[in-house]
Amino acid sequence: MYCPKCGAPNSDAAQRCTNCLEPLPAAPGAQPHIHAEGEAPHTPEAPSAQEAPQPQQQAPTGQPAQPDSSPYQQPQQPYQQPYQQAPQQPYQQGQPPYGQPPFGGYQQQLPPKPATFLAGNIIMTILSLCSCLGTIPGIVGIVFSAMVSSKYNQGDYEGAKSMAKVAKILFWVTLGLAVAGIVLIVVMIASSASMYGSYGLFDSLYDIY
Amino acid sequence: MTSISHKIRSRALGIAACAALGALCVYVFVHDPAVSPVSFCMVRALTGRYCPGCGGTRALHALFHLDIRAALGYNLFLTPLLPVVAYIVLAELVHMIAGRYVLRQIPLNPWVVACIGALFLLFGVLRNLPALAFLAPV
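Asks: What's the story with the overall build of chain A in this structure? I'm lost.
Replies: Helix and strand counts for chain A come out as 6 helices and 0 strands. Along chain A, helices and strands appear, N-terminal first, in the series α-α-α-α-α-α. Taking all 209 residues of chain A together, 50% fall into the buried category. Across chain A, every contact between residues at least 6 apart in sequence was considered, and the portion connecting residues at least 24 apart equals 57%. Surface exposure of chain A reaches about 10000 Å², of which carbon and sulfur atoms provide 63%.

Asks: Got a minute to help me understand the environment of L184 of chain A in this structure?
Replies: With respect to the secondary-structure elements, L184 of chain A resides in helix α5 (residues 157-196). Remark: the alpha-carbon pair of L184 of chain A and S131 of chain A, spanning 53 residues in sequence, is separated by 8.2 Å. When neighbours within four sequence positions are excluded, L184 of chain A is seen to be in contact with L133 of chain A together with M42 and L46 of chain B.

Asks: Could you clarify how one ought to interpret the interface of chain A and chain B in this entry?
Replies: Bring the parts together and some accessible area is lost; that lost area is often taken as the interface size. Each partner contributes residues to the interface: chain A has 43 residues there, and chain B has 39 residues. Here chain A packs against chain B, burying approximately 4100 Å² in sum over the two surfaces, 74% of which is carbon and sulfur. Between chain A and chain B we count 0 salt bridges in total. Where chain A touches chain B, the interface holds 3 residue pairs in polar contact (both at pLDDT 80 or more). When contributions to the side of chain A that touches chain B are tallied by element, the ones reaching two or more residues are α3 (118-128), α4 (135-153), α5 and α6 (203-208) of chain A. If you tally residues by element for the side of chain A that touches chain B, the top one is α4 of chain A, at 12 residues. By residue class, the composition of the side of chain A that touches chain B is 31 nonpolar, 10 polar and 2 charged.

Asks: Sorry if this is basic, but what is going on with helix α3 (residues 56-64) of chain B here?
Replies: One turn of the α-helix equals 3.6 residues, which is why residues spaced by three or four share an orientation. Residue and element names in this part refer to chain B. Within α3, 8 of the 9 residues are buried, which leaves the element mostly enclosed by the surrounding structure. All of the buried residues along α3 are G56, T57, R58, A59, L60, H61, A62 and L63. Looking one or two residues beyond α3, the residue adopting positive phi is L66, at roughly 60 degrees.

Asks: Honestly, the packing of aromatic side chains in this entry has me stumped. Any pointers?
Replies: Aromatic ring pairs are described here by two measures, namely the spacing of the ring centres and the angle between the planes. Summed over the entire model, instances satisfying the criterion amount to 6 aromatic pairs over all chains. When the ring of F120 of chain B is compared with that of F123 of chain B, the centres are 6.5 Å apart and the planes differ by 5 degrees; the resulting orientation is stacked. Of the two residues, F120 of chain B and F123 of chain B both sit in helix α6 (residues 110-126), 3 residues apart, roughly one turn of that helix. Exposure class is identical for F120 of chain B and F123 of chain B. Each is buried. Each residue in the set F117, F171 and W172 of chain A is aromatic and connected to the rest through ring pairs, giving one cluster.

Asks: Help me out: how do you make sense of the packing of α3 of chain A against helix α5 (residues 78-98) of chain B in this one?
Replies: Contact geometry for α3 of chain A and α5 of chain B: axes closest at 11 Å, N-to-C directions at 130 degrees. Regarding the angle of α3 of chain A to α5 of chain B, the classification is oblique. As for the relative orientation of α3 of chain A and α5 of chain B, their crossing is left-handed in sense. Side by side, α3 of chain A and α5 of chain B meet where L118, A119 and I122 of chain A of the first sit next to V89, E92, L93 and M96 of chain B of the second.

Asks: Could you clarify how one ought to interpret unusual backbone geometry in this entry?
Replies: Within the chain, C132 of chain A stands out as a residue other than glycine whose phi angle is a positive 65 degrees. For L66 of chain B, which is not a glycine, the phi torsion comes out positive at approximately 60 degrees.

Asks: Sorry if this is basic, but what is going on with the confidence of the model for chain A here?
Replies: If pLDDT is low for a region, its predicted coordinates should not be looked at in detail. All names here are of chain A. Residue-level pLDDT values for chain A average 66, and 43% of them are 70 or greater. In the model of chain A, helix α1 (residues 32-39) stands out as the element of lowest mean pLDDT, 42, in contrast to α3, which has the highest, 91. Segment residues 28-71: pLDDT under 50, and 62 contacts once partners within four positions in sequence are set aside and those in other chains are kept. Contacts of residues 84-102 to residues separated by more than four positions or lying in other chains number 38 contacts, the stretch itself having pLDDT below 50.

Asks: What is the right way to read the packing of α3 of chain B against α5 of chain B from this model?
Replies: Between two packed helices, what matters for the description is the angle formed by their axes and the separation of those axes. Residues and elements named next belong to chain B. Direction vectors running N to C along α3 and α5 enclose 65 degrees, while the axes themselves pass 10 Å from each other. On the basis of the axis angle, α3 is roughly perpendicular to α5. As for how α3 packs across α5, the hand of that crossing is right-handed. Taken together, the residues of α5 that come into contact with α3 (itself represented by G56, A59, L60 and L63) are L78, T79 and L82. The residue makeup of the contact of α3 with α5, split by class, is 5 nonpolar, 2 polar and no charged.

Asks: What exactly am I supposed to notice about a nonpolar patch on the surface here?
Replies: Residues and elements named next belong to chain B. Taken together, the side chains of I68, L72, L76 and F134 define a hydrophobic patch exposed on the protein surface, amounting to about 380 Å² of accessible area. Within the secondary structure, L72 sits in helix α4 (residues 68-74). When its relative accessible area of 33% is taken as the criterion, L72 is described as partly exposed.

Asks: Honestly, the confidence of the model for chain B in this entry has me stumped. Any pointers?
Replies: Residues and elements named next belong to chain B. Averaged over every residue, the pLDDT of chain B is 87; residues scoring 70 or more account for 98%. Ranking the helices and strands of chain B by mean pLDDT puts α4 first, with 92, and helix α2 (residues 42-47) last, with 81. The ipTM, which scores confidence in the relative placement of chains, is 0.86 for this predicted complex, and the corresponding pTM is 0.63.

Reading the values: the criteria
- Along every chain, residues carry numbers that run from 1 in the direction the sequence is written.
- Chains carry letters from A onward and ligands carry numbers from 1 onward, assigned in written order.
- In view of the model being predicted, local features appear only for residues whose pLDDT reaches at least 70, and side-chain atom pairs are presented and counted only at 80 or more, with totals across whole chains, interfaces and linings using the full set of residues.
- Hydrogen atoms and water are omitted, and side-chain values are computed over all heavy atoms in the structure.
- Going along the chain from the N terminus, every DSSP run of H or I of four or more residues is numbered as a helix, and every run of E of two or more is numbered as a strand.
- Burial here depends on accessible area, computed with a 1.4 Å probe over protein chains only, as a share of the maximum for the residue type. Under 20% is buried, over 50% is exposed, and the range in between is partly exposed.
- Whether two residues are in contact is decided by their heavy atoms: any pair within 4.5 Å suffices.
- With residues, only the protein chains shown are counted as cover, and all accessible areas are computed by Shrake-Rupley using a 1.4 Å probe.
- What counts as buried area is the accessible surface, traced by a 1.4 Å probe, that two parts surrender upon association, with contributions from both included.
- Any Lys or Arg side-chain nitrogen found within 4 Å of a carboxyl oxygen on Asp or Glu counts as a salt bridge.
- We define a polar contact as two N or O atoms separated by no more than 3.5 Å, with the added condition that, inside protein, one atom must be a possible hydrogen donor and the other a possible acceptor, whereas residues neighbouring each other in sequence contribute only through side-chain atom pairs.
- Polar here means any residue outside two lists: the nonpolar Ala, Val, Leu, Ile, Met, Phe, Trp, Tyr, Cys and Pro, and the charged Asp, Glu, Lys and Arg; Gly therefore counts as polar.
- Here a pair means two rings of Phe, Tyr or Trp (six-membered ring of Trp) with centres within 6.5 Å. Their orientation is stacked below 30 degrees between planes, edge-to-face above 60, and tilted elsewhere.
- Axis geometry follows a simple rule: fit a line to the C-alpha atoms, using only the stretch in contact for helices, then measure angles between N-to-C directions, giving values from 0 to 180 degrees.
- Our angle categories are set so that under 35 degrees counts as roughly parallel, over 145 as roughly antiparallel, 65 to 115 as roughly perpendicular, and the remainder as oblique.
- Here is the rule for handedness: rotate from the far helix to the near one, and if that takes an anticlockwise turn smaller than a right angle the crossing is left-handed, while a clockwise turn gives right-handed.
- On a range of 0 to 100, pLDDT expresses the predictor's confidence in each residue.
- For patch detection, residues must exceed 30% relative accessible area and be free of salt bridges, and they are connected within 9 Å for like charges or within 5 Å for nonpolar side chains (Val, Leu, Ile, Met, Phe, Trp, Tyr).

The following block contains the structure:
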């Protein structure tokens, strides 16, 4: 279960949050189904959307990391809506709880999304194209950045965190390789300039290509 | 407060990445890397071997001009993956800028992605073998 105060993940049997020592509510084996039905009258859209299986929407059941069975959820909040509802009714959600995600607000109990490093990975991949060093880790890093969002939107916060860790490592690897490649290019141009003078500055680079 | 600044920061990063990607795409579209290279491959310069991504920019240029046969000739492995990666990046960038998913996410498994990465490295070894010279960029 997730701590209602700070959002840190805890084992279901834990009495107090390992992060902030807040006393945790007891989890008397609440079933997600029962909970969903109990919450259903608040939002008429939720049941139909849950019955219709859509590829994007990850059903709340069967996601152990999704804390929808926890009894501390305030009853006046509408039941967590699948993301497919967002285009029709973007910001009709209830009160923003703790740990509000940056956009949409459909995951009401999850802590904020970990940094995806998507933009950084894209920019580093483009930078690495100068020397081809780091392009492969850059592209893999972009895909892992995308997986941070997809795991998070499935309610899998732990999975999103581990994807974010890989994406971050790949970002720094790509950064290092790209900078090393640019340094190498500068060194090669400088050495060819000293060999051939100002004439044919780039010839050695074109020759090897 | 934090969520608002997070939103603005995410949007700014998304726009910056979009601008960089757009500039790269326009440049590769206009400029033919087969005539003069866009990038100086350091793997090729230092070792004389083809790296797994060799021919990638030429393949991208050929794809932009809808010459799929030439693109496959330049890089057999990367050419089918480029549109998929482009879609993933586009979907995520739209999410960063617009704040919601206009394009659907492709479900991805980290192990599948890691396996494709490992196969990509294997492809880089194979294309340097004389018996598999057809894998090398033309």
